[in-house]
Number of protein chains: 2
Amino acid sequence: MRKILHFDKETIEGMDKRFRANFINSVTGYKSANLLGTVDKEEVTNLAVFSSVTHLGSHPPLIGFITRPTLVPRHTYINIKDTGIFTINHINTAIIKEAHQTSARYDAAISEFDATGLTAEFLGNHKAPFVKEAHIKIACRYINEYSIEENSTVLMVGAIEDIYLPEGVHTEDGWIDLSEANGVTINGLDSYSQPQLLDRLQYAKPDKPTTSILKK
Amino acid sequence: MRKILHFDKETIEGMDKRFRANFINSVTGYKSANLLGTVDKEEVTNLAVFSSVTHLGSHPPLIGFITRPTLVPRHTYINIKDTGIFTINHINTAIIKEAHQTSARYDAAISEFDATGLTAEFLGNHKAPFVKEAHIKIACRYINEYSIEENSTVLMVGAIEDIYLPEGVHTEDGWIDLSEANGVTINGLDSYSQPQLLDRLQYAKPDKPTTSILKK
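As the structure is a computational prediction, the values presented were derived from the model and not from experiment.

Asker: Explain the relation of the copies chain B and chain A to me, please; I cannot follow it from the model alone.
Answerer: Both copies of the chain are placed relative to one another by a rotation about an axis and a shift along it. Aligned on chain A, chain B shows an RMSD of 0.0 Å; the corresponding rotation is 180 degrees and the shift along the axis is 0.0 Å. Such a combination of rotation and displacement between the chain copies is what one expects of a two-fold axis. By C-alpha distance to the rotation axis, the residue of chain B lying nearest is Pro-195 of chain B, at 1.8 Å. When the interface residues of chain B are mapped onto chain A, 100% of them are again interface residues, pointing to one common binding face.

Asker: Just checking my understanding: could you explain the side chain of Ser-58 of chain A for this structure?
Answerer: Turning to its location among the elements, Ser-58 of chain A is positioned in strand β4 (residues 54-58). There is a polar contact of 3.3 Å between the side chain of Ser-58 of chain A and the side chain of Asn-25 of chain B. Among all residues touching Ser-58 of chain A, those that are not within four sequence positions of it are Arg-20, Ala-21, Ile-24 and Asn-25 of chain B.

Asker: Explain the pairing of strand β6 (residues 85-90) of chain B here, please?
Answerer: Successive side chains on a regular strand alternate, one facing one side of the sheet and the next facing the other. Residues and elements named next belong to chain B. Within β6, 6 of the 6 residues are buried, which leaves the element mostly enclosed by the surrounding structure. Here β6 shows two buried faces, one formed by Ile-85, Thr-87 and Asn-89 and the other by Phe-86, Ile-88 and His-90. As judged from the 4 bridges shared by strand β2 (residues 34-39) and β6, these two strands associate in the antiparallel manner. Within β6, the residue paired with Leu-35 across the bridge is Asn-89.

Asker: So what exactly am I meant to see when it comes to helix α3 (residues 75-83) of chain B here?
Answerer: The α-helix advances 3.6 residues per turn, and as a result positions three or four apart in sequence lie on the same side. All names here are of chain B. Of the positions making up α3, those classed as buried are Thr-76, Tyr-77, Asn-79 and Ile-80. Each element contacted by the buried residues of α3 is listed here: β2, β3 (45-50), β5 (61-67), β6, β9 (137-148) and β10 (153-166). In the segment just after α3, Gly-84 is the residue with positive phi, at about 80 degrees.

Asker: How should the interface of chain B and chain A be read in this particular structure?
Answerer: By a widespread convention, an interface's size corresponds to the accessible area lost as its parts come together. Contact with chain B, which involves 109 residues of that partner, is made by 110 residues of chain A. Summed over both sides, the interface between chain B and chain A buries roughly 9,700 Å², with carbon and sulfur atoms accounting for 59% of that surface. Between Asp-190 of chain A and Arg-200 of chain B there is a salt bridge, and its shortest N-O distance comes to 2.8 Å.

Asker: Please clarify how the packing of aromatic side chains should be interpreted in this entry.
Answerer: Aromatic ring pairs are described here by two measures, namely the spacing of the ring centres and the angle between the planes. Counted according to the given criterion, the structure contains 10 aromatic pairs over all chains. Between the aromatic rings of Phe-50 of chain A and Phe-65 of chain A, the centroid separation amounts to 5.0 Å while the plane-to-plane angle is 70 degrees, which identifies the pairing as edge-to-face. Taken together, the residues span a long stretch of sequence, with Phe-50 of chain A in strand β3 (residues 45-50) and Phe-65 of chain A in strand β5 (residues 61-67) at a distance of 15 residues. For the pair shown, Phe-50 of chain A and Phe-65 of chain A are each scored as buried. Arranged with centres 5.6 Å apart and planes meeting at 70 degrees, the rings of Phe-65 of chain B and Phe-86 of chain B form a pair that is edge-to-face.

Asker: Could you clarify how one ought to interpret helix α2 (residues 17-27) of chain B in this entry?
Answerer: Residue and element names in this part refer to chain B. Summarising burial for α2: 9 of the 11 residues are buried, a large majority. Looking at α2, one finds that the buried residues are Phe-19, Arg-20, Ala-21, Asn-22, Phe-23, Ile-24, Asn-25, Ser-26 and Val-27. Between the side-chain oxygen at the start of α2 and the backbone nitrogen of Arg-18 there is a gap of 3.2 Å, and the oxygen is on Asp-16. At the exit of α2 stands Gly-29, carrying a positive phi of roughly 110 degrees.

Asker: Would you explain the pairing of β9 of chain B in this entry?
Answerer: Residues and elements named next belong to chain B. Bridge count between β6 and β9: 5 bridges; the pairing is antiparallel. In the sheet register, Asn-89 faces β9, and the bridge partner there is Lys-137. Note that β9 and β10 share 11 bridges and pair antiparallel. From the neighbouring strand, Ile-138 faces β10, where its bridge partner is Ile-163. Linking β9 to β10, which pair antiparallel, is a turn of 4 residues; within it Ser-152 sits at a positive phi near 55 degrees.

Asker: What is the right way to read the environment of Ile-160 of chain B from this model?
Answerer: Tracing the backbone shows Ile-160 of chain B in strand β10. Considering only alpha carbons, one finds Ile-160 of chain B and Ile-66 of chain B, 94 residues apart in sequence, at a separation of 17 Å. Not counting chain neighbours up to four residues away, the residues in contact with Ile-160 of chain B comprise Lys-9, Ile-12, Ile-24 and Val-27 of chain A together with Pro-61, Ile-63, Ile-138, Ala-139 and Cys-140 of chain B.

Asker: Quick question: what am I supposed to make of unusual backbone geometry here?
Answerer: A negative phi angle is the norm for most residues apart from glycine, just as the trans form is the norm for most peptide bonds. Residues and elements named next belong to chain A. Following His-59, the chain continues into Pro-60 via a peptide bond in cis, with omega recorded as 5 degrees. As for its position among the elements, Pro-60 is in the loop between β4 and β5. Of note in the backbone geometry, Glu-43 takes a positive phi value of approximately 65 degrees without being a glycine. Secondary-structure assignment places Glu-43 in the loop between β2 (34-39) and β3. Non-glycine residue Asn-182 carries a positive phi angle of around 55 degrees. Counting through the fold element by element, Asn-182 comes out in the loop between β10 (153-166) and β11 (185-187).

Rules of the game
Within each chain, residues carry numbers counting from 1 in the order of the written sequence. Each chain is given a letter, starting from A, and each ligand a number, starting from 1, according to the order in which they appear as written. Reporting of local features is limited, given that this is a predicted model, to residues whose pLDDT is at least 70; pairs of side-chain atoms are given and counted only at 80 or more, and all residues count toward the totals for whole chains, interfaces and linings. To get the side-chain values, take all heavy atoms of the structure and skip hydrogens and water. When the copies are overlaid, the least-squares fit takes in C-alpha atoms only where the residue has pLDDT of at least 70 in both copies. Any two residues whose heavy atoms approach within 4.5 Å are treated as being in contact. Strands here are runs of E lasting at least two residues and helices are runs of H or I lasting at least four, both read from the DSSP assignment and numbered beginning at the N terminus. A 3.5 Å cut-off defines polar contacts: any pair of N or O atoms within that distance qualifies, except that in protein one atom must be a possible hydrogen donor and the other a possible acceptor, and neighbouring residues in sequence count only when both atoms are side-chain atoms. Only protein chains enter the accessibility calculation, which uses a 1.4 Å probe. A residue is then buried if its area is under 20% of the maximum for its type, exposed if over 50%, and partly exposed in between. DSSP-based pairing: two strands are paired if at least 2 bridges between them are found. The buried area of a pairing is the accessible area, by a 1.4 Å probe, that goes missing from both parts when the two are put together, added over both. Definition used for salt bridges: Asp or Glu carboxyl oxygen within 4 Å of a side-chain nitrogen of Lys or Arg. Two aromatic rings from Phe, Tyr or Trp, using only the six-membered ring of Trp, form a pair when their centres are within 6.5 Å; if the ring planes differ by under 30 degrees the pair is stacked, by over 60 it is edge-to-face, and anything between is tilted.

All quantities given are derived from atomic positions and should not be read as evidence of function.
What follows is the structure, encoded as structure tokens:
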């Protein structure tokens, strides 16, 4: 048995800034790993890694993500407010370095596509760029934003309009096996991991044992 | 090259309800896997699996999660509003079935601890139960809630007060290696995966190549 460490409020408050950022960003668990694609008024493309994209609801299909527009100019936020649209592109095992590099503070005039070598792709009528190298891609329309007053962040709410994914990654009942598309997950601020499926479990009911859906 | 499937707004709208729930719940990427522990006014413990716990900020240390209190009575929501406290317990590979079973609709008088065999543990002065079998545990205080009017969900905001984790899972610079604690991630509504670390990357700067932090 390993010794259990206890970090109380005062200990956390007294941590070195960078240490605390790593620690608190890791402690909530694994996160989604996505690249958000936008375009500014002059049609300069922008791409940025986000680990806070979260499912908000299926009907209507809504997603949320957290951003902090006040600290430094956040091009993703500005572009979405200006154009009303953005894309969500899953990061896969082949593009983790390029995806991470989009977090560098490039000038607004520089496209992260040019800087990282990822390829902008335009699908349907969407003006916002997708990432050609991503396997799962979502087009979203800006719906609303909620200011989180406790720390000057914003919950952005988007409606899913189009979904693109390869044949064979979703099952008959609609579940998308993200591992079939080599999807990754983010742990903290800077680490990328590849999940392997352990099990898929039946809808839980009080008087039934927990059983697997998977045919083994 | 696999064929790319395209699902537009109308196709998604026309999906069977269960199919759409699986599909849209999977499409945002991997999610955090946590058990939220609460207690009601009569001190009956409650435990529920959540895949929406998200990092909101490090200073102050804040987390958010999404719930829908209006659809059915949500004991977690009611208990947090009544008592102001809750715990977050990471799901690990050894307890995925027990964790999933907490999503069954037990009566308020029944504790999911009794129903699933997980062990309630009380640490410090917190009245809300932790999960003894979890390796990473967080005590939180309710701070605020934001109603998301688009779909009657609520973003709950909690402040981190205490963190418990085993010795040796965090690095010198504060990063917590979740794989060291056998952490899992959720894909969709019902599947559990175990991530393996691919790489940890240096803080990105515009004119520097993307390099690994890990000593290999």
